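So you can see what is in the structure, the chains are spelled out below.
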Amino acid sequence: MQLHTNQDLSSSNTLQLRSQAEHYVELHTPEDLHSLINDSQIRKMTWKILGGGSNLVLPFKVQGLVLKVANQGWSLINEDADHWFVKAQAGDVWNEFVQWTLTQGYWGLENLSLIPGTVGAAPIQNIGAYGVEVKDSLWEVTCLDLQSGEKKVFSNKECHFSYRDSFFKQEGAGKYLIWDVTFRLPKKSTLRLEYGDIRKEVERQGWSLDARSVSKAVINIRQSKLPDPKVIGNAGSFFKNPIVAQELRDQLLATYPNLVSFPYEQGQFKLAAGWLIDRAGWKGKQLGPVGMYEKQALVLVNHGGATADDVWELAHQVALDVKNKFAVDIEPEPIRW
Ligand code: EPU
């Protein structure tokens, strides 16, 4: 294990912000973490955990120590009559793992194809797309305690998952490092086609209706709407879809009959933040080096040379405008370091 200083992070964050870590280390084994914990100098530093950098807004200089989780490898670890249990390491690239499950005939992750980031980051914000969330098939998460280095296993329930949220973003934030994730995937495939244009895309291509086709359809749809972070810096959806009371949703619907909303828990409704931002006039609009993407208003893009301040200034203006026009608060999805 090698400790680096002034490590460039510009290509380790999908928003492509210029950034440098004061200290940086890659973890391959739990023992690597133990050595860091046992080093009194290193212990004094502020620690930050880096996965795929796809949900992060980085400052120009990250003080303290950045730990890049670099363990890799996935395998089938168990099965019962109806399920396969597969384990992936936190450092694995999410989509590569998803594609492997599909080649093996382990179903259930197809709707989550092509989401950027790592396996370890997936439970933190309970990644989701096309009617499926990671919590739907996650069995358990193995963590390393950042104080003691000890392993601790969290069941699905203990992860307190909700829409783009979990224990690891709330009470557990800064306390644990996710080391591996186990999924329970059904032997019999149940396709979820109701969301968006998945069924239409499979039919348009003339593919047979199965999980691998759903994955290919999701990839096509994502590629047509979302910018490739290697080409244009972005962090996927920049805001969460807001959850509002039925009363506000009904008021808005009276003024905007084509408002996009979905029933959520306990009489609440989820609104499409992309729709609100679009209607507020921000789609394709630029503010300095950053802007809201021309094909999907929910995605904040870096046209080149942006800083974290540029990102937050645009996010602030967009959120303020949405609040003034619709009386709805929208909250950023990425984490700010
Ligand atoms: N819409 C507009 N204008 C826009 C963008 C969207 O009117 O510029 C409308 C669409 O027409 C649609 C609705 O808003 O009626 C929802 O749009 P879309 O289906 O594209 O999904 P989303 O709610 O914007 C969410 C997730 C995405 C995920 C897609 C597909 C969040 C914050 N985002 O986006 O996740 O891929 O659904 O399931 O929940 C991510 O989190 O980074 C991400 C990309």
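Our subject is the structure that appears above.
Cut-off values and rules
Residues numbered from 1 in each chain as written. Predicted model: local features only at pLDDT ≥ 70, side-chain atom pairs only at ≥ 80, totals over all residues. Heavy atoms only, no water. Buried < 20%, exposed > 50% of the residue type's maximum accessible area, 1.4 Å probe, protein only. Helix = DSSP H or I, 4+ residues; strand = E, 2+ residues; numbered from the N terminus. Contact = heavy atoms within 4.5 Å. Expected span 1.5 Å × (residues − 1). Arc of directions from axis to C-beta. Polar contact = N/O pair within 3.5 Å; in protein donor to acceptor, adjacent residues only side chain to side chain. Salt bridge = Lys/Arg side-chain N within 4 Å of Asp/Glu carboxyl O.

K.L.:
Which parts of the structure should I look at to understand helix H3 (residues 94-104)?
P.N.:
Residues spaced three or four apart along an α-helix point in a common direction, a consequence of the helix completing one turn every 3.6 residues. Buried residues of H3: Trp94, Asn95, Phe97, Val98, Trp100, Thr101 and Leu102, and no others. Contacts from the buried residues of H3 go to strand S6 (74-79), strand S7 (83-89), strand S12 (176-186) and helix H5 (211-225). Gly105 sits one or two residues past H3 and shows a positive phi near 85°.

K.L.:
Please explain helix H8 (residues 308-326) as it appears in this structure.
P.N.:
Between its first and last C-alpha, H8 extends 27 Å over 19 residues, near the 27 Å set by a 1.5 Å rise per residue. Among the residues making up H8, those that are buried are Ala308, Val311, Trp312, Leu314, Ala315, Val318, Ala319, Val322 and Phe326. The buried residues of H8 occupy an angular sector of 165° when projected down its axis, which confines them to one face. Within H8, the exposed residues directed more than 90 degrees away from the buried face are Asp309 and Asn324. With its phi angle positive at about 60°, Ala327 sits one or two positions after the end of H8.

K.L.:
Teacher, can you tell me more about the side chain of Asn71 here?
P.N.:
Here Asn71 shows up in the loop between strand S5 (61-69) and S6. Of the polar contacts made by the side chain of Asn71, one reaches the backbone nitrogen of Gly91; its length is 3.0 Å. Reaching out from Asn71, the side chain makes a polar contact with the backbone oxygen of Trp179 at a distance of 2.8 Å. In this view, Asn71 contacts Leu27, His28, Gln89, Ala90, Gly91, Asp92 and Trp179; residues no more than four positions away in its chain are not counted.

K.L.:
What is the right way to look at the environment of Gln147 in this model?
P.N.:
As for its placement among the helices and strands, Gln147 is situated in the loop between strand S10 (138-145) and strand S11 (151-155). For Gln147, a relative accessible area of 56% corresponds to the exposed category. On a C-alpha basis, the gap between Gln147 and Glu313 in space is 35 Å, while along the polypeptide they are 166 residues apart. Among all residues touching Gln147, those that are not within four sequence positions of it are Ile37 and Arg43.

K.L.:
Could you clarify how one ought to interpret the pattern of salt bridges in this entry?
P.N.:
Note on pairing: side chains with opposite charge can pair once their charged atoms come close. All told, the structure shown has 13 salt bridges when counted by the stated rule. Two residues, Lys135 and Glu133, come together in a salt bridge whose shortest N-O distance is 3.6 Å. Lys135 gets classed as partly exposed once you look at its relative accessible area, which sits at 29%. Overall, the relative accessible area of 16% leaves Glu133 in the buried class. Lys200 is the partner of Asp197 in a salt bridge, and the nearest nitrogen-oxygen pair spans 3.8 Å. Here the residues in one salt-bridge network are Glu133, Lys135 and Asp136, joined through shared partners.

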